[in-house]
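Chain and residue survey
Read off the chains here:
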Amino acid sequence: MNITHASFVTLPVTDQDRALRFYRDVLGFEVAADLRMPQGRWLQVAPRGAQTVFTLSGPGMGDFEPGTARGIMLVTTDVDADCARLAGAGTEVQGPDAYPWGRMASFRDPDGNGLMLLTEARHQPHQEEGPR
């Protein structure tokens, strides 16, 4: 096997313009592609510099059910700040909570697709330990 990375993840949405506003304006993603195709609009977004993009798949672009994507983990350097930004934009956020692997929170996009934010433990500021 010679697989190097995932090309894209499909996020089924009902309204591509609304989804674009959320992923671009709230999450800060960049538009990777926005093309008109015979079947519909091919719209992709991604965090700056990412190899894997997210296809915001609207009506006519496959047999996908909006709101069914789950478990998509987005890694961030500051989960707390990102959760505050999401909440400020009106997005309901669960967490963040501490786990052995880092601090994690979850939220849904406007269509109900489930995403998570993670600041990995190795990227968290070290807390000084008290005397032993």
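Just so it is clear, the model here is predicted, and its values are computed rather than measured.

Applying the stated criterion across every chain, the model contains six aromatic pairs. Ring geometry for Phe22 versus Phe107: centroids 6.3 Å apart, planes at 50°, classification tilted. Placement of Phe22 in helix α1 (residues 16–26) and of Phe107 in strand β7 (residues 102–108) is noted, with a sequence separation of 85 residues between them. For the pair Phe22 and Phe107, a shared accessibility class is recorded, and that class is buried. An angle of 10° between the planes, with centres 4.8 Å apart, marks the rings of Tyr99 and Trp101 as stacked. An aromatic cluster of at least three residues, connected via ring pairs, comprises Phe22, Tyr23, Phe29, Phe54 and Phe107.

Attention now moves to α1. When we look at burial in α1, the residues that qualify are Gln16, Ala19, Leu20, Phe22, Tyr23 and Val26. The backbone nitrogen of Asp17 lies 3.0 Å from a side-chain oxygen of the residue at the head of α1, namely Asp15. Directly after α1, the chain includes Gly28, whose backbone phi takes a positive value near 80°.

Rules of the game
- Residues numbered from 1 in each chain as written.
- Predicted model: local features only at pLDDT ≥ 70, side-chain atom pairs only at ≥ 80, totals over all residues.
- Heavy atoms only, no water.
- Phe/Tyr/Trp six-rings, centres within 6.5 Å; stacked < 30°, edge-to-face > 60°.
- Helix = DSSP H or I, 4+ residues; strand = E, 2+ residues; numbered from the N terminus.
- Buried < 20%, exposed > 50% of the residue type's maximum accessible area, 1.4 Å probe, protein only.
- Polar contact = N/O pair within 3.5 Å; in protein donor to acceptor, adjacent residues only side chain to side chain.

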